[in-house]
Structures are given as C-alpha cells and as structure tokens.
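Residue-level listing of the chains:
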Amino acid sequence: MSSQYVPLTAEQAAKHRTRVTLLGTAGGPPWWDGSDRSGISTAITVNDSVYLIDCGEGWGPQFRKSGLGPAGFQKGLDNMRAVFITHHHSDHMVDYPNLLLLAWHNGSDGLQRPIKVIGPGDRGTLPPIFAEEKREHLPEVFNPDSPTPGLVESTERLLQAYALDINDRMRDNAKQDLREIFEFEDIQLPADTGRDPNGDPTPAMEPFEIYRDENVRVSAILVDHRPVFPAFAFRFDTPDGSIVISGDTGVCRNLVRISEGADILLHECIDMDWVDGLMGPDSPKPDPNLMQHMLAAHTAIEQVGPQAEAAGVKTLVLTHLVPGNTPVEKWEKAQVGFSGNLVVGEDLMHFGLGAAANS
Ligand SMILES: [Zn+2]
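Notes on the structure in this doc start here. Since we're looking at a predicted model, the values are computed, not measured.

Turning our attention to the coordination of the zinc ion. Distances from the zinc ion to its protein donors, His87 (NE2), His89 (ND1), His225 (NE2) and Asp248 (OD), fall within 2.1 to 2.3 Å. One way to put it: the four donor atoms around the zinc ion meet at angles of 86 to 165°, and that makes the site irregular. Ordering the donors of the zinc ion by residue number gives the pattern H-x1-H-x135-H-x22-D. A residue pair is termed long-range when its members are at least 10 positions apart, and His87 in the loop between β4 (80-84) and α3 (90-93) and Asp248 in the loop between β10 (241-245) and α8 (253-259) qualify at 161 residues. Accessibility assignment for this pair places His87 and Asp248 in one class, buried.

Below is the structure:
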C-alpha cells in the first residue's frame with residue numbers, strides 16, 4: 001500500500017524536512033458569500049527554505065498565520081527562496097504587489113541572496129473575442145502597446161506605479177535597493193514546443209526544468225486554461241517526494257504527464273452546479289457556449305478523480321475551489337474514479353513528506 005498523506009498541524013508538519021502548506025484555497029475573483037477561504041496560494045518548505053506558489057488575495061496574512069512567516073522580524077521572507085506564478089489571472093496575482101513592496105519590512109532586510117520570481121512570459125498575441133458574433137459592442141484593446149505582458153514586464157510596470165514609495169524607503173529609511181531583493185524571470189518554453197496560444201494551448205510535451213537549488217528541482221508543463229496562455233502546472237521534486245500543483249486547467253494529458261507518480265497532487269476544482277445556476281438551461285441567462293468554455297478551462301468534481309488515477313497519484317488534495325462556498329461533502333465526490341487518498345483542502349492545512357524527525 002502506498003503511503004498516504006493526511007493533514008497535520010503546523011507543529012507536526014515542522015518535523016518533516018519537506019512540507020506543504022495551503023495558504024489559501026479559494027479560486028476565482030469573487031468574494032464568496034459565507035466562505036472565509038483566502039485566495040489561492042500555496043507554500044512548500046524544504047529544510048528552512050520557503051517556496052511560494054501564486055499570490056492570491058490574503059496570502060501574506062495567511063503566511064504569517066501559517067507559522068512560516070515573519071516572527072519578530074527575525075525570520076520570514078528572508079527564508080523565501082523563490083516564488084512561482086502559474087498564470088496571470090488576477091485571483092493568482094492580486095496580492096503580488098504585497099510581496100514586492102512589503103518584503104523589506106517583513107524580514108527580507110539584508111537578504112543573503114535575491115528571491116527569484118518566476119512566471120509565464122508574454123502571450124504574444126491577443127485571444128479572440130469570445131462569441132464575437134453575438135456582441136453588440138466589441139471591446140477596445142487595453143494597453144495596445146503591450147496587451148499581453150509576461151511576468152518581467154508586468155513587474156516592471158507595477159514597480160513603476162509604486163516609484164514614490166520605493167524611492168522614499170531607499171532614501172529616507174535607508175532600505176536595501178529593491179532591485180537587489182528580487183530577481184524576475186519569464187519562463188521560456190523549450191524551443192521544440194509547438195507554441196499555439198489561439199489553437200491547441202497544450203501541445204504534447206515533457207515537463208521541463210525551470211528552477212533548481214540544493215533543496216528542490218521544479219519543472220513545468222503547459223496546461224489547458226484557455227484562452228489564458230501560457231498557463232502552467234508545476235512539479236516540485238525534493239529528496240522526500242514530489243508535489244504537483246495543477247494551476248488552473250481543464251482535463252488535459254499534460255497535467256497527467258507531469259503528475260505521474262506524484263506523492264501529492266494539489267488540483268483545482270469547479271462545482272459545475274454553480275456554473276449551471278449562472279448560465280445553465282434553467283438559469284436567467286442560459287448560455288451553453290459559455291458553459292462549455294468554462295468547462296474547457298477548469299476541472300469538474302467528477303473529472304478530477306480520473307485525472308489523478310491516470311497519473312497514479314497517491315494523495316489528491318483539492319484546492320482552488322470554485323465557488324469557495326460549496327460544502328465539503330460535495331467536493332468529496334471527487335473520490336469517484338480515484339483509488340488513492342482524497343483530501344478537500346482547507347486554509348492552513350499542512351502536509352509533511354518523508355520521515356518525521358523524532359525530537
Ligand atoms: Zn485562472
């Protein structure tokens with residue numbers, strides 16, 4: 001019987017060299033009524049180094065609550081080694097400026113090495129206008145000089161917007177130069193990848209390495225979150241096991257490929273009854289095309305188990321739950337078609353990989 005991972009307290013998880021912490025488990029930009037799930041964000045810790053995946057709303061306060069964050073300004077972001085962004089949707093990025101602007105007040109003063117921030121590059125071309133033939137008014141392109149920027153350019157523009165604060169902190173508070181604290185990088189697709197943002201966004205490909213240090217090797221693969229491109233799933237291989245983060249995706253072979261044999265797969269999930277209520281046949285605004293469009297970009301409850309099964313995953317953890325207020329009992333139906341261990345993610349849930357230390 002393969003090992004199964006169960007949720008641990010922060011203290012229990014701290015005994016493991018590799019651990020996973022769900023900082024926020026809600027997907028989507030809405031503030032979900034009746035739910036206090038924070039926006040999507042996950043931390044992986046190996047030894048004392050922290051790796052952050054996505055910066056959904058509230059990741060910072062959640063990071064503090066998790067016990068991984070700043071404590072008395074002694075420890076916290078100074079242990080953050082790298083940040084990975086799966087794709088450029090607002091619910092994954094909206095609290096990214098907090099990381100950039102608050103880091104030097106929350107433990108990153110005098111970093112030994114810059115924090116790497118790695119994310120998708122420029123889409124390169126605008127997506128088509130959905131249901132263009134039915135639209136009365138076609139949208140004007142926003143920021144036509146650069147309508148689909150990648151991580152490096154987006155970050156430059158964000159920092160420009162905060163130039164007053166940045167100059168003030170460096171001149172008046174003698175803060176370290178912000179440009180020394182971070183190092184930004186667009187993920188480069190392998191040269192032989194069939195790049196087709198408006199066609200098939202997930203050409204058959206192998207996972208490719210985007211980061212490596214003494215703790216972890218991180219690889220990426222394109223997943224199907226059309227029309228968003230590039231959208232990535234990430235795999236973290238550590239000496240204690242492997243963790244895959246699906247990012248946002250519909251059912252897709254690349255997700256299965258990168259998840260093969262993973263110890264823990266953190267997978268997004270959407271409750272199609274909610275979609276049905278918004279645009280299904282009995283809703284006030286039925287729209288079968290838009291429903292199909294939503295389903296292509298996300299994975300329904302009954303679809304996620306077979307994906308995890310096909311990959312031979314040991315433990316499947318649902319996160320990025322849309323909507324955030326669907327009851328846990330309903331998410332538990334994702335067990336159908338999956339013979340492994342299913343956990344419905346909650347904020348500040350921890351998992352430990354590898355043997356626990358005795359002390
Ligand atoms: Zn998304």
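Here we come to the sheet that holds strand β11 (residues 264-270). Spatially, seven strands are ordered β7-β8-β9-β10-β11-β12-β13 in an open sheet, and the strand pairing comes out mixed. Because the sheet does not close on itself, it has two edges, and the strands there are β7 (208-212) and β13 (341-344). Going from strand to strand, the sheet's axes swing by 25° on average, the running direction of each strand aside. Taken together, the four bridges between β7 and strand β8 (residues 217-222) define a ladder with antiparallel strand orientation. When the bridges of β8 are listed, Glu209 appears paired with Ser219.

The strand order across the open sheet formed by seven strands is β6-β5-β4-β3-β2-β1-β14, and the pairing between neighbours is mixed. Two strands bound the open sheet, and with one partner strand each, they are β6 (182-187) and β14 (350-356). Pairwise comparison of adjacent strand axes, ignoring direction, gives a mean angle of 15° for this sheet. The pairing of strand β5 (residues 115-120) with β6 spans six bridges and is classified as parallel. Within β6, the residue paired with Ile118 across the bridge is Glu185. Strands β5 and β6 of the sheet are contacted by helix α5 (residues 151-161), whose axis makes an angle of about 140° with β6.

Counted by the stated rule, this structure contains zero disulfides. Cys269 provides the cysteine sulfur closest to Cys252, a residue in no disulfide bond, and the two sulfurs are 15 Å apart. Overall, Cys252 belongs to the buried group, its relative accessible area being 6%.

Here the focus is the environment of Met93. Here Met93 lies in helix α3. Relative accessible area serves as the criterion here: at 13%, Met93 is assigned to the buried category. Between the C-alpha atom of Met93 and that of Val20, which follows or precedes it by 73 residues, the distance is 20 Å. If sequence neighbours within four positions are ignored, Met93 has contacts with Cys55, Ile85, His87, His88 and Leu151.

Enumeration according to the criterion identifies nine aromatic pairs in this entry. Judged by centre distance (6.3 Å) and plane angle (15°), the rings of Phe232 and Phe234 are stacked. Overall, Phe234 belongs to the buried group, its relative accessible area being 0%. A network of ring pairs unites the aromatic residues Tyr51, Phe84, Phe208, Tyr211, Phe232, Phe234 and Phe236 as a single cluster.

What counts, and where the lines are drawn
- Residues numbered from 1 in each chain as written.
- Predicted model: local features only at pLDDT ≥ 70, side-chain atom pairs only at ≥ 80, totals over all residues.
- Heavy atoms only, no water.
- Donors = N, O, S within 2.8 Å, 3.2 Å for Na, K, Ca; no water.
- Tetrahedral: all angles 85-135°; square planar, octahedral: opposite > 155°, others 65-115°.
- Helix = DSSP H or I, 4+ residues; strand = E, 2+ residues; numbered from the N terminus.
- Buried < 20%, exposed > 50% of the residue type's maximum accessible area, 1.4 Å probe, protein only.
- Pairing = 2+ DSSP bridges.
- Axes fitted to C-alpha atoms, helices over the stretch in contact; angles between N-to-C directions.
- Contact = heavy atoms within 4.5 Å.
- Disulfide = S-S within 2.5 Å.
- Phe/Tyr/Trp six-rings, centres within 6.5 Å; stacked < 30°, edge-to-face > 60°.

Treat this as a map of the structure, not an account of what it does.
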